[in-house]
Amino acid sequence: MYNLNQFTLRNMSECGLALRQLGQNVTTMEEAGKRMINYLYESLVDDKTQNQSCALIRLFKTHSYGDLTPKLQASARELLGDGEILPDLKCLTLLATVGEQPEWNSRYESRGHQAIPLANENAIANIPMVSQLIQQLGLDPGTVIKPDPSLMVDIEQQMYNVFHIPDALGSPYIPAQHEFVIPFNIKSVAGFGGILPSGNMFVVMMFLKVAISSATVDLLRPLALSVKTALLPFDDGKTFVDSLPVTSVGDRKIEQLNSQIATLTQLLDVSEQVTFIQSDRLEQAITDLQQALTQLQTTQTQIVQSEKMSALGQMVAGIAHEINNPVNFIHGNLSHLDSYIQDLVNLFQDYQTEYPDPPANLQAKLQAADLPFLIQDLTSILQSMQVGTERIRQIVLSLRNFSRLDEAEIKEVDIHEGLDSTLVLLSHRLKAQGKHPEIQVIKDYGIVPLVECHAGQLNQVFMNILANAIDALEESNRGRCLSEIQQHPNQITIRTSMIDAKWVQVAIADNGVGIAECIRAKLFDPFFTTKPVGKGTGLGLSISYQIITEKLGGKIVCHSTIGQGTEFIIQIPVQPEESEVRSRV
């Protein structure tokens, strides 16, 4: 079986060998042709549907009108009309046919294609498919109509091009669009052929239900030689099953020709065996190179990620440490400062009680200072300072939790703590700022156990996915007015749950622009990004995929609908396999 969308050099060689062998042990060209196109019809299969790739395959050969059977002559006369028909008039004759409809499996049932007269070049031009066929094969219409015996050897020994209509729907070269192309889902047409020693043209036409590339069609080109080899013994011999026997031209001559054909066949067999070996070696080399390239990209990504995370972790830990000391000093002294100020305020109030009438100059200073407001505002300032330092302490704690540089490689981790720490670090992008509206974060945390993993790596995955979700929501806001955004606010939903006793799931979804299928298929490829230069390296999701699948032994998938949003689903084991733990130590 051969898949035309993955047709290889080896497939071409195997198919060519089979076609030549099918020409043996038959008595007519029609039998040989029928065998070959049946083989092609059965062997060319669509891997996706397991159905035949061809709806219809036909083998045509030109014949002189005088050499046709009476039935075929009648078919040619019907198309040509009244008038004298010369015996040497060339007719493109249907030699064999096979297809998915019962009537397509007999040349006698064909309507209008049993014998097509090629009266002159103008007549050929009026038959679009035949005209395009001759042109694409590289033949001269004059040679097809009336072969020149003096040039026949050179013409016959040429290897001709292929016939290819990549898109059959709407093509002017494929007739019967509503009767044939559309109802039978014809996607493309391919053909190959050549010239026999007699000067007659032969061509195999395949009407396909799959679209194939020009590169694949080029691999079909050598098959014309195999078909020609199978047809050669019957050139100038018996063509049709119902034709009259041909007068013998001498047993010795036939033996010589058969010997030449056998020798050529042996040479071709040896050549194809070598091709098989070289093809296998080439395909293995290509596979090895692809694996090496994939491994190189993975290693490169891991090196970049390792260096990036090492530098980032050290920097974050250093910043957290440097900020933490002065902040703790300020935060710790605020309570004392508040106590001291309250003592001073109480003492001042006692003085006012004991000495209600101070001197005039002191009263003036008290009024200028607006003491009641000063006391009230001082209290508010102290409260604001306490809130601010507490906020800084939370950020510092989140930085430490995010980096986890001071913790063991593998330990029990609270997923919710990691998510919350990541959200704190991204809070400046979640708040409404200028043209960017607020992004609502909806937390639907379930009851999940602690997970044994590397906390810093898991937090990195959360950071990459949440940052991408924010980017997607900012992209979706472009071109939307404020009222639209208020009616359909930007949202990120985070859900955690247990799949079973051994697996935890984290789903992070946004209601942004969504991701097209062609892009979603490449999301986890290294260095693939849709962001403009300077906005992304294309490593974030690739690294996230490696962390989840390789480091944590889990799974990560992406579901998306254009215009509705995107959801990343992360599934990780509560406890990693022992083999995975050993591989990470």
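Here the residue index of a chain counts from 1 through its sequence in written order. In keeping with the predicted nature of the model, local features appear solely for residues at pLDDT of at least 70, side-chain atom pairs appear and are counted solely at 80 or more, and the whole-chain, interface and lining totals rest on all residues. Side-chain calculation: all heavy atoms of the structure are included, whereas hydrogens and water are not.

Engineer: Even after reading the chapter, I still don't get the overall build of the protein, so can you show me in this structure?
Structural biologist: A count of helices and strands for the protein gives 20 helices and 15 strands. Within the span of the protein, comprising 585 residues, buried residues form 41% of the whole. Note on definitions: a residue-residue contact is assigned when non-hydrogen atoms from the two residues lie within 4.5 Å. Nonlocal contacts in the protein, meaning residues at least 24 apart in sequence, comprise 70% of its contacts between residues at least 6 apart. In this description a helix means any DSSP run of H or I spanning at least four residues, a strand means any run of E spanning at least two, and both kinds are numbered starting from the N terminus. For each residue, the accessible area found with a 1.4 Å probe, counting protein chains only, is set against the maximum for its type, and the residue is called buried under 20%, exposed over 50%, and partly exposed in between.

Engineer: I keep staring at the sheet that holds strand β12 (residues 490-500) and nothing clicks. Help me out?
Structural biologist: Through backbone hydrogen bonds, the strands of a sheet pair up, either in parallel or in antiparallel fashion. Paired strands, as defined in this entry, are two strands with at least two bridges between them according to DSSP. Spatially, the 5 strands line up as an open sheet ordered β10-β12-β13-β15-β14, and their pairing is mixed. Two strands in the sheet have a free side with no partner beyond their single neighbour: β10 (439-444) and β14 (555-561). Neighbour-to-neighbour, the strand axes of this sheet turn through a mean angle of 15°, independent of strand direction. Comment: axis = line fitted to C-alpha atoms, over the contacting stretch for helices; angle = value between 0 and 180 degrees taken between N-to-C directions. Running over the sheet, helix α16 (residues 455-476) touches β10, β12, β13 (503-510), β14 and β15 (565-573) and is turned about 145° from β12.

Engineer: Is there a simple way to think about the pairing of strand β4 (residues 90-99) in this case?
Structural biologist: Looking along a regular strand, one sees side chains alternate from face to face of the sheet. Judged by how many residues are buried, β4 sits mostly within the fold: 10 of 10 residues are covered. In this sheet, β4 lies alongside strand β3 (residues 54-64) in antiparallel orientation, the contact comprising 9 bridges. Counted as the bridge partner of phenylalanine 60 is leucine 94 from β4.

Engineer: Before we go on, may I ask you to explain helix α12 (residues 360-369) in this structure?
Structural biologist: Quick reminder: α-helices carry 3.6 residues per turn. Residues three or four places apart thus point the same way. Within α12, only 0 of the 10 residues are buried, which leaves it mostly out in the open. Immediately beyond the C-terminal end of α12, within one or two residues, lies aspartate 370, with a positive phi of roughly 50°.

Engineer: I'm lost on a nonpolar patch on the surface in this one. Help?
Structural biologist: On the surface, Leu344, Leu347, Tyr351 and Tyr355 cluster together into a nonpolar patch covering about 490 Å² of accessible area. Relative to the helices and strands, tyrosine 355 is located in the loop between α11 (251-354) and α12. Patches were defined on residues exceeding 30% relative accessible area and lacking a salt bridge, with like-charge contacts within 9 Å and nonpolar side-chain contacts (Val, Leu, Ile, Met, Phe, Trp, Tyr) within 5 Å. Exposure was quantified through the Shrake-Rupley algorithm and a 1.4 Å probe, taking into account, for residues, occlusion by the shown protein chains and nothing else. Between Lys or Arg on one side and Asp or Glu on the other, a salt bridge is scored when a side-chain nitrogen of the former is within 4 Å of a carboxyl oxygen of the latter.

Engineer: Whenever I open this one, the environment of threonine 27 confuses me. Can you help?
Structural biologist: By the secondary structure assignment, threonine 27 is in the loop between α1 (9-22) and α2 (29-43). Assessed through its relative accessible area of 58%, threonine 27 is described here as exposed. C-alpha of threonine 27 to C-alpha of threonine 239: the two residues are 212 residues apart in sequence and 8.8 Å apart in space. Aside from chain neighbours lying at most four places away, what touches threonine 27 is Phe234 and Lys238.

Engineer: For this particular structure, what's the right way to read the sheet that holds β3?
Structural biologist: The strand order across the open sheet formed by 6 strands is β5-β4-β3-β8-β7-β6, and the pairing between neighbours is antiparallel. The open sheet terminates on both sides in strands that have one partner only, identified here as β5 (115-117) and β6 (162-165). For this sheet, the mean inter-axis angle between neighbouring strands, taken without regard to orientation, is 20°. Contacts from α2 reach β3, β4, β7 (188-195) and β8 (201-208), with the element oriented near 45° to β4. Sheet contacts for helix α3 (residues 70-80): β4 and β5; angle to β5, the most-contacted strand, approximately 45°.

Engineer: Help me understand the environment of histidine 113 in this model?
Structural biologist: Tracing the backbone shows histidine 113 in the loop between β4 and β5. The residues touching histidine 113, leaving out its near neighbours within four places in the chain, are Arg58, Phe60, Leu92 and Leu94. In protein, a polar contact requires one atom able to donate a hydrogen and another able to accept it; more generally it is a pair of N or O atoms within 3.5 Å, and residues adjacent in sequence count only if both atoms are side-chain atoms. At a separation of 3.2 Å, a polar atom in the side chain of histidine 113 contacts the main-chain carbonyl oxygen of arginine 111.

Engineer: Looking at this structure, I do not really get the packing of aromatic side chains. What am I missing?
Structural biologist: Aromatic ring pairs are reported here in terms of the distance separating the ring centres and the angle at which the planes meet. Pairing of aromatic side chains here covers Phe, Tyr and the six-membered ring of Trp, requires ring centres within 6.5 Å, and sorts the geometry by plane angle: under 30 degrees stacked, over 60 edge-to-face, intermediate tilted. Per the stated rule, a full pass over the model turns up 5 aromatic pairs. Seen in terms of ring centroids, tyrosine 2 and phenylalanine 7 are 5.9 Å apart; in terms of plane orientation they differ by 85°. Their pairing is edge-to-face. We note that tyrosine 2, like phenylalanine 7, is buried. Between tryptophan 104 and phenylalanine 180, the aromatic rings sit 5.7 Å apart at their centres with planes inclined by 75°, giving edge-to-face as the arrangement. A residue pair is termed long-range when its members are at least 10 positions apart, and tryptophan 104 in the loop between β4 and β5 and phenylalanine 180 in helix α8 (residues 177-181) qualify at 76 residues. One aromatic cluster is present, formed by Trp104, Phe180, Phe184 and Phe207 through successive ring pairs. Any Lys NZ or Arg CZ found within 6 Å of a ring centre and within 35 degrees of that ring's normal is scored as a charge over the ring. Stacked on the ring of tyrosine 108, the Lys or Arg arginine 107 has its end atom at 4.4 Å from the ring centre. Just above the ring of tryptophan 503 sits the side chain of lysine 555; from NZ or CZ to the centre is 5.5 Å.

Engineer: Is there a simple way to think about the packing of α16 against helix α19 (residues 540-551) in this case?
Structural biologist: Packed helix pairs are characterised by how far apart their axes lie and by the angle those axes make with each other. The interhelical angle for the contact between α16 and α19, taken along N-to-C directions, is 145°, at an axis separation of 9 Å. Classified by chirality, the crossing of α19 by α16 is left-handed. Each of Gln457, Leu458, Gln460, Val461, Asn464, Ile465 and Asn468 in α16 lies in contact with α19, whose residues at this interface are Gly540, Leu541, Ile543, Ser544, Ile547, Ile548 and Lys551. Put simply, Ala, Val, Leu, Ile, Met, Phe, Trp, Tyr, Cys and Pro go in the nonpolar bin, Asp, Glu, Lys and Arg in the charged bin, and everything else, Gly too, in the polar bin. Of the residues in the contact of α16 with α19, the class split is 7 nonpolar, 6 polar and 1 charged. Left-handed describes a crossing whose near helix is turned anticlockwise from the far helix through less than a right angle; right-handed describes the clockwise counterpart.

Engineer: How do you make sense of the side chain of histidine 164 when you look at a structure like this?
Structural biologist: Looking at where histidine 164 falls in the secondary structure, it is placed in strand β6. Among the polar contacts made by the side chain of histidine 164, one reaches the main-chain carbonyl oxygen of isoleucine 212 at a distance of 3.3 Å. Excluding anything up to four places from it in sequence, histidine 164 contacts Gln136, Val189, Ile212, Ser213, Ser214 and Val217.

Engineer: What exactly am I supposed to notice about unusual backbone geometry here?
Structural biologist: Glycine aside, negative phi is the norm for most residues, and most peptide bonds take the trans geometry. In the Ramachandran plot, asparagine 25 falls in the positive-phi region, its phi being about 60° despite a non-glycine side chain. Its place among the elements puts asparagine 25 in the loop between α1 and α2. Residue classification places asparagine 25 among the exposed residues on the basis of a relative accessible area of 77%. For asparagine 185, which is not glycine, the phi dihedral falls at a positive 55°.

Engineer: Honestly, the packing of α2 against helix α10 (residues 223-231) in this entry has me stumped. Any pointers?
Structural biologist: It is the contact of α2 with α10, at a shortest axis distance of 9 Å, that shows an interaxial angle of 150°. Considering the angle they form, α2 stands roughly antiparallel to α10. Like other packed secondary-structure pairs, α2 and α10 cross with a definite hand, here right-handed. Taken together, the residues of α10 that come into contact with α2 (itself represented by Met29, Ala32 and Met36) are Val227, Ala230 and Leu231. Among the residues forming the contact of α2 with α10, the class breakdown is 6 nonpolar, no polar and no charged. Here roughly perpendicular refers to angles of 65 to 115 degrees, roughly parallel to angles under 35, roughly antiparallel to angles over 145, and oblique to all remaining angles.

Engineer: It is not clear to me how the nonpolar core should be interpreted in this structure. Could you clarify?
Structural biologist: With 47 residues, the main nonpolar core has Ile57, Phe192 and Met206 as its most contacted residues. By residue number, the principal contributor to this core is α2, which donates 6 residues. For isoleucine 57, the residues in contact, after removing those within four places along its chain, are Ile37, Leu40, Tyr41, Ala96, Thr97, Val98, Val204, Met205 and Met206. Ranked by size, the runner-up nonpolar core spans 40 residues in total, among them Met463, Ala469, Ile494 and Phe524. As used in this record, nonpolar core signifies buried Ala, Val, Leu, Ile, Met, Phe, Trp, Tyr and Cys residues forming a set joined through side-chain atoms within 4.5 Å.

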